[in-house]
Every structure is written in structure tokens, then in C-alpha cells.
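# Tertiary structure, described
Residues per chain, in single letters:
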Amino acid sequence: MINEEFNCSFSDFINAKRIKYAQDLILSSQHLTQEQIAEQSGFSNNTSFCRIFKQHTKTTFKEWQKKNTLQ
């Protein structure tokens, strides 16, 4: 059903939701570290988080954070 409705695999669908949640956390909880955001977004390790974040946003975590927050 997800493949037909959203034209992506189940894991891509879930990862997109996790990255959106991570982006919301970055904006609302600027005191959290990258590792904390990865964990709270449901990623088992920071390496996977970084790879998938870049796939979905076309930028690194730090670049996205710098561009979208007032740090």
C-alpha cells in the first residue's frame, strides 16, 4: 500500500518521517546534540542518521542546522 500510495518503500517512508522529526527537533531543541537527535528520531546509530539525513535533505546535519537556526 505504501509503495502504491507514496511511490517509495516502507523503509524510505519511515526514514522520511524520522528525518522530518529530526528537523523539528533541531529547530525546537537547539541544545540537543546530533547524537541525541539521531537517537530520539529512532536511528540506532549516528552513522546511519548522517547518511540518511544527507540523502533526504541533500545537505549534512551541521550544514542544515547552521542554515536553519540562529546559532
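Residues numbered from 1 in each chain as written. Predicted model: local features only at pLDDT ≥ 70, side-chain atom pairs only at ≥ 80, totals over all residues. Heavy atoms only, no water.

What the rule picks out here adds up to 1 salt bridge. A salt bridge links Lys20 to Asp24, with the shortest nitrogen-to-oxygen separation between them at 2.8 Å. Residue Lys20 and its partner Asp24 are both found in helix H2 (residues 10-28); the two are separated by 4 residues, about one turn of the helix. Exposure remark for Asp24: the relative accessible area of 34% places this residue in the partly exposed category. (Salt bridge = Lys/Arg side-chain N within 4 Å of Asp/Glu carboxyl O. Helix = DSSP H or I, 4+ residues; strand = E, 2+ residues; numbered from the N terminus. Buried < 20%, exposed > 50% of the residue type's maximum accessible area, 1.4 Å probe, protein only.)

This next bit is on the packing of aromatic side chains. On inspection of all chains with the given rule, the structure shows 6 aromatic pairs. Summarising the aromatic geometry, the rings of Phe49 and Phe53 are spaced 5.6 Å apart at their centres and angled 50 degrees between planes, so their arrangement reads as tilted. Here the residue Phe49 and the residue Phe53 both occupy positions in helix H4 (residues 46-57), the gap between them amounting to 4 residues, near one helical turn. With respect to burial, Phe49 and Phe53 carry one shared label: buried. Seen from their ring centres, Phe53 and Phe61 are 5.8 Å apart, and the 65 degrees between their planes marks the pair as edge-to-face. There is no split in this pair, since Phe53 and Phe61 are both buried. Taken together, the aromatic side chains of Phe43, Phe49, Phe53, Phe61 and Trp64 make up a single cluster linked through ring pairs. (Phe/Tyr/Trp six-rings, centres within 6.5 Å; stacked < 30°, edge-to-face > 60°.)

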